[in-house]
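Chain by chain, the residues:
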Amino acid sequence: MKPIQALLVCALLMLWNCKQRSSADSATADAYNEIVANSSDRDWKDIKKEGVLRALVVYSSTSYFLYKGQAMGFEYELLKQLAKDLNLELELVVSDNLDTQFEVLNSGEVDLIAHGMTVTNQRKWEVDFTEYLYLTKQVLVQKKPDNFRRLSWKSLHNALIHDPIELINDTVSIRRNSAYYERIMSLSNEIGGTIHIDTLDSKLSTGEIINMVADGKIKYTIADENLARINASSRPILDISVPISFSQRIAWVTRKKSKEFRKRVNEWIVSQRKKKHYNVIYNKYFKNKRSFRRRTKSDYYSLKNNQISAYDDLIKTYAKELNWDWRLLASQVYQESKFDPEASSWAGAQGLMQVMPATAESLNIKDISDPKESLRGGTTYLKQIYEEFDKVEDSLSRLKLTLAAYNCGLGHVRDAQRLADAEGLNRNAWSNISEMLLKLRYREYYNKPFIKYGYVRGSEPVNYVNQIFERYEHYNAFIKVEEEAELTPKVK
């Protein structure tokens, strides 16, 4: 074949390939546009009217997890602040399949994907991104030899990859619908060689995949540098020194149709990035290596064990006597003492269940600091109160009335019921009683002739109950149980 003919053939082949790619891209774009066209129209006015912000979160070592009975995480802390600033109630939906996040968002089940995602043009066909939360780059995660501490610098250097081009004909393990997958595909094209991809389960978090490299289950993976760095801080056998990308923006995700909501979230993110508190939260989860190592080694870290506290077995035992879900009782114990048996309050309450001395005496608690004694006495007292509300048919209201009475005293809750009667409200509905408790902070209400116990700092029992049930939702998400207690309704 003559040179001019060869050039013409090459040109025609290139044109054909371009048309094929263009056709494929067009088909993909059409498919995405159809998804967007059929997505939910829910926007700011709908969210504000309902008063609830539904956010999809990922259960991971930096985003959302449980540590020593407390919900924590970068996304979790930011979401709490966002909901507060927008005057909304926060409802979390934990993603159990990272491949379906966009579908869940576009269906209207959630309003926001609060999971740090890399901003890419391909993803923009289907969703919109918020203002960036932070900048990072992708790095290769690889394992050093098991005896790396005894190797010479040269031997260690020769055992590792130092340039992405060395990945040609090798295999990298990543989730399919991730920015890492997109990056490997682009990288293969850039370096003119094939990098084989081992597709991992979409339920795996990046932190879990990084640990798979450290444990020798997979050879390589790709991760955002800040995630790789904090995870590698507790696994020194990992090397994360090889960059795979330039700096990239990490952001949250909204529906394309949620323009007004996205505008408000963007304004909030821009304002937060300027605040010291934002940097404190970021550093807490992505830079504080000592804290990360401490919690990952703890038995009471939800990504490691199915435990809440050192007293889980005792709590389970006494929860059975109440016929409560033990996680609800655990949430109350955390609220009272943060699982510290030596805790004491300004009012003189002591122990895990913060029992008052007079109550401890009536319950025959000999050592109020003994966890077993405190839980036995505290749950006995709870059971006594619970029986006082035997006419309350709604089981959830009955639980909340019981907890409120445990906090502020049965007499004050009875006063709130009397006030509800006077105002023509259902005395057995927690929504009404919580409102009455708040009113009993004011003279015009606690001075009424039928009020027997006078003033009560009503916000305390109301917040007490709300915080216990909010924490119970987290415990439900993180801690699995074999059987659900019949008297404890599921919190949705």
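Above: the structure in question.
Predicted, not measured: the structure shown is a model, and the values here were computed from it.

1. Some details on the nonpolar core
In terms of nonpolar packing, the biggest core is built from 106 residues, with F74, W252 and I315 touching the most fellow members. Among the elements that make up this core, the one with the highest residue count is helix 21 (residues 459-478) (8 residues). Setting aside chain neighbours within four positions, we find F74 in contact with T62, S63, L133, Y134, Y278, I281, Y282, Y285 and F286. Counting 18 residues, the second largest nonpolar core, distinct from the first, contains V141, I218, A223 and A232.

2. Some words on the pattern of salt bridges
Evaluation of the coordinates by the stated rule reveals 25 salt bridges. Ionic pairing is found between K257 and D41, a salt bridge with its closest N-O pair at 3.1 Å. Of this pair, K257 sits in the loop between strand 13 (248-254) and helix 10 (259-273) while D41 sits in the loop between helix 1 (3-37) and helix 2 (44-50), and the two are 216 residues apart along the sequence. K219 is paired through a salt bridge with D170; the nearest N and O atoms lie 3.0 Å apart.

3. A closer look at unusual backbone geometry
Phi angles above zero are rare outside glycine, and K68 is one such case at about 50°. One can find K68 in the loop between strand 2 (65-67) and strand 3 (70-72). What makes K68 partly exposed here is its relative accessible area of 45%. A positive phi angle, close to 60°, is found at N364, a residue other than glycine. Judged by relative accessible area, which is 48%, N364 ranks as partly exposed.

4. Details of the packing of helix 16 (residues 371-388) against helix 17 (residues 395-408)
Packing of helix 16 against helix 17 brings their axes to within 9 Å, and their N-to-C directions diverge by 125°. On the basis of the axis angle, helix 16 is oblique to helix 17. Judged by the twist between their axes, the crossing of helix 16 over helix 17 is right-handed. On helix 17, the residues that touch G378, Y381, L382, I385, Y386 and E387 of helix 16 are R398, L399, T402, L403, A405 and Y406. Tallied by class, the residues present in the contact of helix 16 with helix 17 amount to 8 nonpolar, 2 polar and 2 charged.

Criteria and cut-off values
Residues numbered from 1 in each chain as written. Predicted model: local features only at pLDDT ≥ 70, side-chain atom pairs only at ≥ 80, totals over all residues. Heavy atoms only, no water. Core = buried A, V, L, I, M, F, W, Y, C linked by side-chain atoms within 4.5 Å. Buried < 20%, exposed > 50% of the residue type's maximum accessible area, 1.4 Å probe, protein only. Helix = DSSP H or I, 4+ residues; strand = E, 2+ residues; numbered from the N terminus. Contact = heavy atoms within 4.5 Å. Salt bridge = Lys/Arg side-chain N within 4 Å of Asp/Glu carboxyl O. Axes fitted to C-alpha atoms, helices over the stretch in contact; angles between N-to-C directions. Parallel < 35°, antiparallel > 145°, perpendicular 65-115°, else oblique. Left-handed = near helix turned anticlockwise from the far one by under 90°. Nonpolar A, V, L, I, M, F, W, Y, C, P; charged D, E, K, R; others polar.

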